[in-house]
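Given next are the chains, with one letter for each unit.
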Amino acid sequence: MAIKGVLFDFSGTLFRIESTQRWLTAVLEETGTAPAPAEVAELARRLERAGALPGGAPPHAVPAHLAELWATRDETPERHRALYTGLARQVDLPDPSLYDALYDRHRSPEAWRPYPDATEVLEALRRQAVRIGVVSNIGWDLRPVFRAHGLDTAVDAFVLSYEHGIQKPDPALFRLACEALGADPPDVLMVGDDRGADGGAAAIGCAVHFVDHLPVERRPDGLRPLLALLDGPRP
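What you are looking at is a predicted structure, and each value in this text was computed from that prediction instead of being measured.

Re the overall build of the chain
So, step 1. Looking only at helices and strands, one finds ten helices and seven strands in the chain.
So, step 2. At 18 Å, the chain has a C-alpha radius of gyration in line with the 18 Å of a compact globule built from 235 residues.
So, step 3. Sorting the 235 residues of the chain into buried and exposed places 50% on the buried side.
So, step 4. Contacts in the chain between residues far apart in sequence, at least 24 positions, make up 68% of those at least 6 positions apart.
So, step 5. Carbon and sulfur atoms make up 51% of the accessible area of the chain, which amounts to about 10,400 Å² in all.
So, step 6. A gap of 2 Å separates the mean positions of the 25 positive and 34 negative side-chain charges of the chain.

As for the sheet that holds strand 6 (residues 188–192)
Whether parallel or antiparallel, the strands of a sheet pair through hydrogen bonds between backbone atoms.
So, step 1. Taken together, five strands build an open sheet; the order of strands is 5-4-1-6-7 and the sheet is parallel. Edge positions in the open sheet fall to strand 5 (157–160) and strand 7 (207–210), since each of these has one partner strand only. The average angle at which neighbouring strand axes cross in this sheet is 20 degrees, direction not considered.
So, step 2. Inspection of the sheet shows strand 1 (residues 5–8) paired to strand 6 by four bridges, in the parallel sense. Looking at strand 6, one finds that phenylalanine 8 is bridged to valine 191.
So, step 3. Contacts from helix 6 (residues 118–127) reach strand 1 and strand 4 (131–136) within the one sheet, and its direction differs from that of strand 1 by about 155 degrees.

Here we look at the pairing of strand 5
So, step 1. Of the two faces of strand 5, the one holding Ala157 and Val159 and the one holding Phe158 and Leu160 are both buried throughout.
So, step 2. Both strand 4 and strand 5 contribute to a ladder of four bridges, which runs parallel. Note that in strand 5 the partner of serine 136 across the bridge is leucine 160.
So, step 3. The parallel pair strand 4 and strand 5, bridged by helix 7 (residues 143–148), forms a crossover whose chirality is right-handed.

Considerations on the packing of helix 1 (residues 20–31) against helix 5 (residues 98–106)
So, step 1. Relative to each other, helix 1 and helix 5 sit at 115 degrees, their axes nearing to 10 Å. Crossing angle aside, the handedness with which helix 1 passes helix 5 is right-handed. Across the interface between the two elements, Arg22, Trp23, Leu24, Ala26, Val27, Leu28, Glu30 and Thr31 of helix 1 pack against Leu98, Ala101, Leu102, Arg105 and His106 of helix 5.
So, step 2. Among the residues forming the contact of helix 1 with helix 5, the class breakdown is eight nonpolar, two polar and three charged.

Observations concerning the pairing of strand 1
The two faces of a sheet get side chains in turn, since along a regular strand they alternate between them.
So, step 1. Side chains of strand 1 alternate between two faces, with Gly5 and Leu7 and Val6 and Phe8 buried alike.
So, step 2. Of the strand pairs in this sheet, strand 1 and strand 4 are connected by four bridges, and their pairing is parallel. Along strand 4, the bridge assignment pairs valine 6 with isoleucine 132.

A closer look at helix 4 (residues 77–88)
So, step 1. Taking 1.5 Å per residue as the helical rise, helix 4 with its twelve residues ought to reach 16 Å, and the 17 Å between its terminal C-alpha atoms agrees with that figure.
So, step 2. Elements in contact with the buried residues of helix 4: helix 2 (37–50), helix 3 (67–72) and helix 5.

Observations concerning the nonpolar core
So, step 1. Counting 58 residues, the largest nonpolar core has Phe8, Phe10, Leu14, Leu47, Phe146 and Leu223 as the members making the most contacts within it.
So, step 2. The greatest single-element share of this core, amounting to five residues, is contributed by helix 2.
So, step 3. Once residues lying within four places of it in the same chain are set aside, the contact partners of leucine 47 are Thr20, Trp23, Leu24, Ala52, Ala88, Val91, Leu93 and Leu102.
So, step 4. Membership of the second largest hydrophobic core comes to 17 residues, among which are Leu7, Ala157, Ile166 and Cys206.

Focus: the packing of aromatic side chains
So, step 1. This structure, assessed with the given rule, holds seven aromatic pairs.
So, step 2. Aromatic rings pair up to connect Phe10, Phe15, Trp112, Trp140, Phe146 and Phe158 into one cluster.
So, step 3. Cation over ring: arginine 73 sits above tryptophan 70, and NZ or CZ is 3.7 Å from the ring centre.
So, step 4. Across the ring face of tyrosine 115, the terminal group of arginine 219 is positioned such that the distance to the ring centre comes to 3.5 Å.

With respect to the state of the cysteines
So, step 1. The full count for this structure, using the stated rule, is zero disulfides.
So, step 2. In this structure cysteine 178 is not part of a disulfide, and its nearest cysteine sulfur, from cysteine 206, lies 3.8 Å away.
So, step 3. With relative accessibility at 6%, the residue cysteine 206 sits in the buried group.

Conventions adopted
Residues numbered from 1 in each chain as written. Predicted model: local features only at pLDDT ≥ 70, side-chain atom pairs only at ≥ 80, totals over all residues. Heavy atoms only, no water. Helix = DSSP H or I, 4+ residues; strand = E, 2+ residues; numbered from the N terminus. Rg over C-alpha atoms; globule rule 2.2 N^0.38 Å. Buried < 20%, exposed > 50% of the residue type's maximum accessible area, 1.4 Å probe, protein only. Contact = heavy atoms within 4.5 Å. Areas by Shrake-Rupley, 256 points an atom, 1.4 Å probe, with all protein chains shown as cover. Lys, Arg positive; Asp, Glu negative; His and termini not counted. Charge placed at Lys NZ, Arg CZ, Asp CG, Glu CD. Pairing = 2+ DSSP bridges. Axes fitted to C-alpha atoms, helices over the stretch in contact; angles between N-to-C directions. Right-handed = clockwise from strand over helix to strand, strands pointing away. Left-handed = near helix turned anticlockwise from the far one by under 90°. Nonpolar A, V, L, I, M, F, W, Y, C, P; charged D, E, K, R; others polar. Expected span 1.5 Å × (residues − 1). Core = buried A, V, L, I, M, F, W, Y, C linked by side-chain atoms within 4.5 Å. Phe/Tyr/Trp six-rings, centres within 6.5 Å; stacked < 30°, edge-to-face > 60°. Lys NZ or Arg CZ within 6 Å of the ring centre and 35° of its normal. Disulfide = S-S within 2.5 Å.

Right under this line is the structure:
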């Protein structure tokens, strides 16, 4: 059976966040804060270990006082911000205003890069009249990121966890996404990098295909195999 709709995860699937070092450096430059280079490198290392960059490395350990927020972080914008600024506050930064500035930076289109084959694959799907959706666990509106990179017109529907108060792998979010595409789950392929979260689509009958969550330069063509699945056997 031909696939009629494809659902994509956002972070680690279609786009990748900048490195922790670049994230921190950009905010320091924007705010006019100028620690010594060695200090910047050490702060970046500690922020990465804390898991403070959404879409970056997960925390080495989640502090007990943030455990509940960690589990529900993508259900509301408030929880998402509180969780990630809380993780960042484990690191003593030169200025208290930097915690919110870092959070705001990660929501900017400049902080994200599409994978090299994302445009090619989305355009190929559109040419074959395959409906495209983005279903993401996230605490903010990612549509401006797609718009800034010229990919918004390739997407038929965005289904974001914070807009529904539901996180993947809850089957309800995938059902909403299939409904938004106007396609039945058995005719839909879910593409993501997280086997736990994105794999939840299988519970409602979607096929699932996984890609590796790697830096952009290390995954030039991870999405291209999808094109061979369009008219082939179900994954």
